[in-house]
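# A structural walkthrough
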Amino acid sequence: MRYLSLCALALSAVAAFAGPVVIVDPGHGGAQTGAVSPTGAWEKDAALEISKLLKAELEAQLGARVKLTRDRDAMVTLHNRVDWANAQKPDLFISVHLNSMPTQKQRQGTEGIETYFLSAEASGDQAKKVAARENAEFHDKRPKSGDTLAFILADLQRSEAHADSSRLAYAVHEELIAATGAQDRGVQQAPFYVLMGLQAPAILVEVGFISHPDEGARLAETGYQQKAAEAIARGVSAFLQQVSAKNR
Ligand SMILES: [Zn+2]
């Protein structure tokens, strides 16, 4: 009896120390290539590489249980990413993307990191354009009606997850800027489909501009990808410490 209760104690201690469940979502995949660099590198490939490195870092730094929405070059709809992620009952969701500009002049001149959390209204014209580009692959046969969208957003804004998404975004962004020395384009808000309906704190990181000649080249280097992955993991760790301090 005594042995059994000791076993039960040991098991509950193991459960208590089991790391957080984190979903890492590499943007795009398959025919959905995402943005492209001046030398022809695809966003979908760099996003997957950074996501795999991030998974390893979260496991190493936090003992996190990390699952990827895709672990190879495959197409996954935005809807399926959200539904599958919710089914895993995650503690956090991080979508990894690279940014891009449309015109030659803008591609030459725009670089830096933006970190997003969900909001009904974009925090500026540029944030609105980023969301429009990342949402472009949303082809649900039953498009979200205005009412459904309003409902989801209203629901999210009431929830604790929304405030935590903001905290997570700031924690990750700060670490990313410090580690990479990239231009700080700030924490932003916008209506991303891949962040809607998630039942956990969720952010989307635009790790840099793949369209910029220098930053685009850096983003394809494993060393730079690793630096970014380590920084995101440190941000997650800082966020989890904030949350646990708040709940004590
Ligand atoms: Zn993207």
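Everything here concerns the structure above.
Residues numbered from 1 in each chain as written. Predicted model: local features only at pLDDT ≥ 70, side-chain atom pairs only at ≥ 80, totals over all residues.

A separate point is the packing of helix α7 (residues 160-180) against helix α9 (residues 222-247). Where α7 meets α9, the axes come as close as 8 Å, and the angle between the chain directions of the two elements is 140°. The orientation of α7 relative to α9 falls into the category oblique. As for the relative orientation of α7 and α9, their crossing is right-handed in sense. Contacts between α7 and α9 involve D164, R167, L168, A171, V172, E174, E175, L176, A179 and T180 from the first element and K227, A228, E230, A231, I232, R234, G235, V236, A238, F239, Q242 and V243 from the second. Looking at the contact of α7 with α9 residue by residue, the class counts come to 12 nonpolar, 3 polar and 7 charged. (Axes fitted to C-alpha atoms, helices over the stretch in contact; angles between N-to-C directions. Helix = DSSP H or I, 4+ residues; strand = E, 2+ residues; numbered from the N terminus. Parallel < 35°, antiparallel > 145°, perpendicular 65-115°, else oblique. Left-handed = near helix turned anticlockwise from the far one by under 90°. Contact = placed C-beta atoms within 7 Å. Nonpolar A, V, L, I, M, F, W, Y, C, P; charged D, E, K, R; others polar.)

Our focus in this paragraph is unusual backbone geometry. Despite not being glycine, H28 shows a phi value in the positive range, around 65°. Mapped onto the elements, H28 comes out in the loop between β1 (21-26) and α2 (43-62). For K89, which is not glycine, the phi torsion reads 50° and is therefore positive. By secondary structure assignment, the location of K89 is in the loop between α3 (78-87) and β3 (92-99).

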